[in-house]
Amino acid sequence: MHTDVVLINLLWMLGVSGLTRPRGQTPQPYGHCRSKREMSLMQGSGRKIGSPIFKRSPDMTKAGAKKSEQLLRIDDHDFTMRPGFGGPAVPVGVDVQVESLDAISEVDMDFTMTLYLRHYWKDERLSFRSNKNQSMTFDGRLVKKIWVPDMFFVHSKKSFTHDTTTENVMLRVYPDGKVLYSLRVTVTSMCSMDLSRFPLDTQTCSLEIESYAYTDDDLMLYWKEGNRSLNTDERISLSQFLIQEFHTTSRLAFYSSTGWYNRLYINFTLRRHIFFFLLQTYFPATLMVMLSWVSFWIDRRAVPARVPLGITTVLTMSTIITGVNASMPRVSYIKAVDIYLWVSFVFVFLSVIEYAAVNYLSTLQERKERKLRERLLCTCGMNHPGMMSVSYSEMDVNNTGNYGMPEQNGVKRERMLVQLAMGTDQVTGHVASGGYSDSWIDTHVIDKYSRVLFPGSYILFNIIYWSIYS
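The rules behind each value
Sequence positions are assigned chain by chain, starting from 1 and proceeding in written order. In keeping with the predicted nature of the model, local features appear solely for residues at pLDDT of at least 70, side-chain atom pairs appear and are counted solely at 80 or more, and the whole-chain, interface and lining totals rest on all residues. The basis for every side-chain value is the complete set of heavy atoms in the structure, and neither hydrogens nor water enter the calculation. Helix and strand definitions here come from DSSP, where helices need a minimum of 4 consecutive H or I residues and strands a minimum of 2 consecutive E residues; each element is numbered from the N-terminal end. Working definition: with a 1.4 Å probe on protein chains only, accessible area under 20% of the residue-type maximum means buried, over 50% means exposed, and in between means partly exposed. Calculation of accessible area relied on Shrake-Rupley with a 1.4 Å probe; when residues are assessed, cover is drawn exclusively from the protein chains displayed. Working definition: a ring pair exists when centres of Phe, Tyr or Trp rings (six-membered ring for Trp) sit within 6.5 Å. Plane angles under 30 degrees give stacked, over 60 give edge-to-face, the rest tilted. Two strands qualify as a pair provided that DSSP identifies no fewer than 2 bridges between them. Between the N-to-C directions of two axes lies an angle of 0 to 180 degrees, each axis being a line fitted to C-alpha atoms and, for a helix, fitted only over the stretch in contact. Each angle gets one of four labels, with under 35 degrees taken as roughly parallel, over 145 as roughly antiparallel, 65 to 115 as roughly perpendicular, and the rest as oblique. For a crossing to be left-handed, the near helix must be turned anticlockwise from the far one by less than a right angle; the clockwise case is right-handed. By definition in these notes, contact holds between two residues if any of their heavy atoms fall within 4.5 Å. Each residue receives one of three labels: charged for Asp, Glu, Lys and Arg, nonpolar for Ala, Val, Leu, Ile, Met, Phe, Trp, Tyr, Cys and Pro, and polar for the others, Gly being one of them. A pairing counts as a salt bridge when a side-chain nitrogen of Lys or Arg comes within 4 Å of a carboxyl oxygen of Asp or Glu. How far a helix is expected to stretch is found by multiplying one less than its residue total by 1.5 Å. Cysteine sulfur pairs qualify as disulfides if the two atoms are within 2.5 Å. Residues adjacent in sequence count toward polar contacts only when both atoms are side-chain atoms; beyond that, a polar contact is any pair of N or O atoms within 3.5 Å, and within protein one must be able to donate a hydrogen and the other to accept it. A positive count includes Lys and Arg, and a negative count includes Asp and Glu. His and the chain ends are not counted in either.

Q: Describe the overall build of the chain, listing the residues and the values that go with them.
A: Along the backbone of the chain there are 11 helices and 14 strands. When burial is assessed residue by residue, the chain has 36% of its 470 residues classed as buried. Working note: accessible area of the chain is about 29300 Å², and carbon and sulfur atoms make up 59% of it.

Here you go:
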């Protein structure tokens, strides 16, 4: 009975395995199937462990950062305190690489500079063991965990650290604890300019670096290699200025509420290019003054020619002055360019006044001549008829043409012919209008003198001006 039960179970197992086996495939034992499943699971897990995604997981990064922090023993020290707290001041050396001078504004009285600012100091808390004496370099993430000097730019209006493509900050730590901290900064700082000689001026600006919190008792700030600590790019150039000199200085700054601080200065001297202002300001102003002199050679009776010429030159000078002052700060003192433009404006204005004087005196002269003719006609016509032409022609011509002024220095005056219609009717004895007698009237002496005085005085002014300011 027992053997029958065993045979039935064997037949049932063989039947089940035959139903599930594909055609043409030999049956496999149960142990063999189990081992294949275990191998496939192990291979799948191996591919998962070796995948690139797992290598870039945050866990590996955290593990690396944790190793560097453990090597520098950051967690073992309080980096909110300066190195050697309670002892002597920490010496911090500084050097600067000027990358560019981006802009200089006379209106805002500031300049913009991009530079690499590097700090050097020693912090024994960051020393580590190294068989090859190699330094370790870090980015800005470690800077937030250790002590660094708290530098700022005095009199700066705005500044920022570059962050493209990442934050431009570098930290390098040496095995003996020496630290190099470098960052790339663009700063806009104030520059007090003296524009009394503008545009023939030379300006000196300074970028000032100082610790914000630590006095000279806690932090000794100095240029690492003196004047050689300041390096500049040879390609630095400005459109309006010539960079003459870069140099460094240092001194102590005192604040009544906090004490004395070490302050570093980056000084640079700029000389303005004059050629742009010669083309845009000086040459046009000089040409307008010379154009105003043309009216001295125009006939004084040509009012429509001389008046518009004078008005045009005055308005042009006003436009030049307005354009120059629009691009300048509203300072309370006179600039060199103001002196030149306003003197030129005065010359142009005086040329207009000169013609006004000529025209007025000419009108007075014509009135006197008209009265003289009327008086001669009346007196000579009644007392000496027939002698009118002779009497008038023999008169002193200076009394009519030159206002009774004799000739001076042999200068021969120009005269114009005046025809007086005088004559005697042989039949009736009345005065007729058929004959003419000759007289000369002076072309006004003011125009003649102005042709010499105006150019001569303006040339003298230019000689004095350029000898003082150039």
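From this point, things continue past the structure.
Q: Please set out the packing of aromatic side chains residue by residue, giving values where relevant.
A: Following the criterion strictly, the structure yields 26 aromatic pairs and no others. Ring centres of F198 and F277 lie 5.2 Å apart, and the angle between their planes is 80°; this geometry places the pair in the edge-to-face category. Taken together, the residues span a long stretch of sequence, with F198 in the loop between β7 (178-190) and β8 (202-211) and F277 in helix α6 (residues 275-292) at a distance of 79 residues. For F198, a relative accessible area of 2% puts it in the buried group. With centroids separated by 4.8 Å and ring planes inclined at 65°, the aromatic side chains of Y282 and Y340 adopt a geometry described as edge-to-face.

Q: Any details on the sheet that holds strand β4 (residues 151-154)? Residues and values, ideally.
A: Sheet strands pair via backbone hydrogen bonds, and the direction of the pair is either parallel or antiparallel. Across the sheet, 4 strands lie side by side as β4-β8-β12-β11; this open sheet has antiparallel pairing. Strands with a single pairing partner mark the edges of an open sheet, and in this sheet they are β4 and β11 (241-255). Geometrically, the sheet is characterised by an average inter-axis angle of 25° between neighbouring strands, direction not taken into account.

Q: So what about unusual backbone geometry? Which residues, and what values?
A: Here T164 and T165 are connected by a cis peptide whose omega angle stands at 0°. Note that the residue after F198, namely P199, is joined by a cis bond; omega there is 0°. As for its position among the elements, P199 is in the loop between β7 and β8. Positive phi is not limited to glycine here, since M109 has a value of about 55°. Note on placement: M109 falls in the loop between β1 (90-105) and β2 (110-122). The backbone phi angle of H155 is positive, close to 65°, even though this residue is not glycine. Considering the arrangement of structural elements, one finds H155 in the loop between β4 and β5 (156-161). Taking relative accessible area as the criterion, H155 reaches 43% and is therefore assigned partly exposed.

Q: Run through the packing of α6 against helix α7 (residues 303-326), naming residues and quoting values.
A: With their axes 9 Å apart at the nearest point, α6 and α7 run at an angle of 165° to one another. Accordingly, the angle class assigned to the pair α6 and α7 is roughly antiparallel. Seen from above, α6 lies across α7 with left-handed handedness. Contacts from T281, P284, A285, M288, L291 and S292 of α6 reach α7 at L309, T313, T316, M317, I320 and V324. Classifying every residue of the contact of α6 with α7 by side-chain character gives 8 nonpolar, 4 polar and no charged.

Q: Residues and numbers for the pattern of salt bridges, please.
A: Evaluation of the coordinates by the stated rule reveals 15 salt bridges. Residue D110 pairs with K157 through a salt bridge whose shortest N-O separation is 3.2 Å. Residue D110 is located in strand β2, and its partner K157 is located in strand β5; the two are separated by 47 residues in the primary sequence. Of the charged contacts in the structure, one is a salt bridge between R263 and E208, with a shortest N-O distance of 3.1 Å. Here R263, found in strand β12 (residues 259-272), pairs with E208, found in strand β8; they are 55 residues apart in sequence, far enough to count as distant. Owing to a relative accessible area of 10%, R263 belongs among the buried residues under this scheme.

Q: Give me α6: which residues, what numbers.
A: When the terminal C-alpha atoms of α6 are compared, their 25 Å separation across 18 residues agrees well with the 26 Å that a helix rising 1.5 Å per residue should span. Buried within α6 we find F277, L278, T281, Y282, A285, T286, M288, V289 and S292.

Q: Can you lay out the environment of F347 for me, pointing to particular residues and giving the numbers?
A: Note that F347 resides in helix α8 (residues 336-383). For F347, a relative accessible area of 11% corresponds to the buried category. With 55 residues separating them in the primary sequence, F347 and S292 have C-alpha atoms 8.3 Å apart. Residue contacts for F347: discarding those within four places in its chain leaves V289, S292, F454, S457 and Y458.

Q: Lay out α7 in plain terms, naming residues and giving numbers.
A: Between the first and last C-alpha of α7 there are 35 Å, a value that for 24 residues agrees with the 34 Å anticipated at 1.5 Å per step. Residues of α7 that are buried include every one of R306, L309, G310, T313, V314, M317, I320, I321 and V324, and no others.

Q: Give a description of the state of the cysteines that names residues and reports values.
A: Applying the stated rule across the entire model yields 1 disulfide. Paired through a disulfide, C191 and C205 show a sulfur-sulfur distance of 1.9 Å. Looking along the S-S bond of the C191-C205 disulfide, the torsion reads about -75°, which is the left-handed sense. Note that C191 is positioned in the loop between β7 and β8 and C205 in strand β8, a separation of 14 residues in sequence. You can call C205 buried: its relative accessible area is 1%.

Q: For the side chain of H162, give the residues involved together with the corresponding values.
A: On the secondary structure map, H162 appears in the loop between β5 and β6 (169-173). Of the polar contacts made by the side chain of H162, one reaches the side chain of T186; its length is 2.6 Å. Once you skip the residues sitting within four places of it in the chain, H162 turns out to touch T114, E167, N168, R184, V185 and T186.

Q: Describe in detail the side chain of R300, supporting the description with residues and values.
A: Among the structural elements, R300 can be located in the loop between α6 and α7. Of the side chains with opposite charge, D299 comes closest to the buried, unpaired R300, at an N-O distance of 5.3 Å. Among the polar contacts listed, one links the side chain of R300 to the side chain of S362, at a separation of 2.9 Å.

Q: Give me the lowdown on the pairing of β6, citing residues and values where you can.
A: As a general feature of sheets, a regular strand has side chains that alternate between the two faces. Along β6, the buried face is formed by V169, L171 and V173; none of M170 and R172, which line the opposite face, is buried. Pairing of strand β3 (residues 136-138) with β6, which is carried by 3 bridges, proceeds in the antiparallel orientation. If you follow M136 over to β6, its bridge partner there is V173. Inspection of the sheet shows β6 paired to β7 by 5 bridges, in the antiparallel sense.

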